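Read off the chains here:
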Amino acid sequence: MNGTPDPRRSAAWLRTQTPARIGIGRAGAGVPTAPLLDFQLAHALARDAVQQPMDCAALAQELAQALGSARALLLASAAADRATYLTRPDLGRRLDDPSRRLLEEADRQPCDAALVIVDGLSATATRSHAPALAEALTERLTGWRWAAPAIVTQGRVAIGDEIGALLRADMVLVLIGERPGLSSPDSLGAYLTWNPRVGRSDAQRNCVSNIRPPHGLSPAQAADKLAWLMTQARHRRLTGTALKDEHLLPASISSPPES
Amino acid sequence: MYRIDLGGTRHIFASLAALLAAASPLRSGDVLAGLAAGSNLQRVAARMVLADMPLADLLTDALVPYEADEVTRLILDGHNDDAFAPLAHLTVGEFREWLLADETDGAAILAASPGLTPEMVAAVSKLMRNQDLIAVAAKVEVVTRFHNTLGLKGHLAVRLQPNHPTDDPLGIAAAVLDGLLMGCGDAVIGINPASDSVDAACTLMHMLEQMRLAHAIPTQTCVLTHVTNTLIAIERGAPVDLVFQSIAGSEAANRSFGIDLSLLREGREAALSLGRGTVGDNVMYFETGQGSALSADAHHGVDQQTMEVRAYAVARAFSPLLVNTVVGFIGPEYLYDGKQIVRAGLEDHFCGKLMGLPMGCDVCYTNHAEADQDDMDTLLTLLGVAGVNFVMGVPGADDVMLGYQSTSFHDALYARTTLGLRPAPEFEAWLGAVGLLGDDGRLRQVAFDTAPRLLALPDTIR
């Protein structure tokens, strides 16, 4: 229809503009066999990412190297296993009794921020990206007093509220494996909450999501955004929609989804 | 209080809400809320009590207090006694048989619809097998119009859902072209934006409008952003066909979405003031889903399926073009596996149609649910038989922005081909006019590589 074809309008070029599964052909109404199996492969990877247990000892070691700090506190939620975790979000938001006692008996000085690293729905994402992000962030926030980092299994975002309160932190930053998408089994989310207390709502948090190099944010990019948010939070003594509303932020910073 | 002796046990249900919850087929959300039946025996006991309950009792016993909840007030104040009169003498069990009876056609059901409350509709659904949900829903034809005609019997429309992780206009345009080649987009071309900014929404609204006008596509477009964003976009002169909003079944749950009924009224009036509809003026697009009230801690001790039907009472007050239950999106803590998702999808479609709504379904699941494509094939096929107004069309079933799996363009084509269902009539005529239909009326197989020649993108999209 158009005379001189614009290369930026060609089908080949359009294909590069979206990660969506476009132009895969068809066999009758069905999907051809190769893309059919591609889909099944992606689904299998995402399903396995959900079920994968987190190697907390290895993560603690990487974290100690990255931060040059004391070993992390190893904690667990009240959800005893993966099946319980998936159906009982309320249990994933609270610590189990031994973990709570561990924190109560720990050395707790008031601090600026607590870092809580959680398996969430993708331990793969947490293992892959959390140490690098923690390192990049602490480099940017010089002079901050941090609580000992915590590593939590079978946890949801809100478990950071209880941990942050017990660690007497002004704010808590939760790094958590996000729900795996078919094309993104290793996406990490970061949730910031000022004055953490049990019962905080999602509207009181700020979120940086899709931390997933090379397709999403790099740890350095995410650390830039988080350092800005954390500095603002400390200055204004709040997080949540009020913090978001007054600043024009990139699309990747938004209100957190239900968690 | 309700009681029955069954299986050597006395079963006691403290309230109507407890009875309805116990009568519900098992689902994880009701277990999470502590509302599910404690045993299979108790579930059947609840159904037996429910079957003998006069339908009229469901009108007098408000599950969520009238004084505290504007959705309850909407339901009770808007109840049509005349429409209810022919059914007023029935029990819930007899109502089920009336719905199934050969003599009861779709027109009779729609005539009774204004006399039905969500509680009555939810109650009867709990006594129905999947087969019943399909058979009754298939009788009911709910037709709506804006730039085309949706919901006619023998037709299945598709929402073209071209989402992109960064809202890139050309990336979105590529997915729109792919969907159009596959015959999708008659329900709406609707984008879930990654960004929640008004500027980004306006950019996408203009972009979809340019594509629609460039090829005179007889369909409507929508950017699924918050109603407050759409109101600002309308003020700024953006081309808004449909006003989108997620809704739920209680005032408190709606507040968690940042809306109330007056805001929805404002949104509808703003869209109507534009006068853009060419064949009708159904301007609202609502999305719902079981579990949303519970997740907002706004379910008032009511089971998630009943709360879902209360959301339909909100929807019917605004004459929507489309109502979409996004059935498997919420996750396994509300609908655990394929069986629960299939059941919920059929319930929502049936209940919505009884409430007089143009029901579609996002047949979908997440990667942490015990479900896969086979379950989606099952639900899609059953809904096609039940006469669902529309389903989703996502490239390759993989939504790369929202991170879940829905139905694909291929799935829609499968359902149309296998069940003999056709696109919306105006849209089907357009498919023929642009050369996408063969002489036999079937969709021609056109390679994506030829798409930009067949449907050139306007230069303004970049």
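Let us now look at the interface of chain B and chain A. Taken together, the 52 residues of chain B in the interface contact 42 residues of chain A. Across the interface of chain B and chain A, roughly 4000 Å² is buried in total on both sides, 57% from carbon and sulfur atoms. When the area that chain B buries against chain A is broken down by residue, the three leading residues are Asn367, His368 and His410 of chain B, summing to 17%. Taken together, chain B and chain A are joined by 4 salt bridges. Note that glutamate 370 of chain B is salt-bridged to arginine 47 of chain A, the shortest N-O span being 3.0 Å. There are 14 residue pairs in polar contact (both at pLDDT 80 or more) connecting chain B and chain A. Those elements that provide at least two residues to the side of chain B that touches chain A are α11 (169-181), β14 (404-405), α20 (409-419) and α22 (451-454) of chain B.

Residue and element names in this part refer to chain B. With respect to the secondary-structure elements, glutamate 251 resides in helix α14 (residues 251-256). Residues glutamate 251 and alanine 68, spaced 183 residues apart in sequence, show a C-alpha to C-alpha distance of 8.2 Å. Residues contacting glutamate 251, with those up to four places away along its chain left out, are Ala68, Asp69, Glu70, Val71 and Arg73. For glutamate 251, the side chain forms a polar contact with the main-chain nitrogen of glutamate 70, separated by 2.7 Å.

Residue and element names in this part refer to chain B. Taken N-terminus to C-terminus, the directions of helix α7 (residues 92-100) and helix α9 (residues 118-125) make an angle of 80°; their axes are 9 Å apart at the nearest point. One finds that α7 runs roughly perpendicular with respect to α9. Every residue of α9 that contacts α7 at Val92, Phe95, Arg96 and Leu99 is listed here: Met120, Ala123 and Val124. Here the contact of α7 with α9 is composed, by residue class, of 6 nonpolar, no polar and 1 charged.

Definitions and cut-offs
- Residues numbered from 1 in each chain as written.
- Chains lettered and ligands numbered in written order.
- Predicted model: local features only at pLDDT ≥ 70, side-chain atom pairs only at ≥ 80, totals over all residues.
- Heavy atoms only, no water.
- Contact = heavy atoms within 4.5 Å.
- Buried area = accessible area lost by both parts, 1.4 Å probe.
- Salt bridge = Lys/Arg side-chain N within 4 Å of Asp/Glu carboxyl O.
- Polar contact = N/O pair within 3.5 Å; in protein donor to acceptor, adjacent residues only side chain to side chain.
- Helix = DSSP H or I, 4+ residues; strand = E, 2+ residues; numbered from the N terminus.
- Axes fitted to C-alpha atoms, helices over the stretch in contact; angles between N-to-C directions.
- Parallel < 35°, antiparallel > 145°, perpendicular 65-115°, else oblique.
- Nonpolar A, V, L, I, M, F, W, Y, C, P; charged D, E, K, R; others polar.

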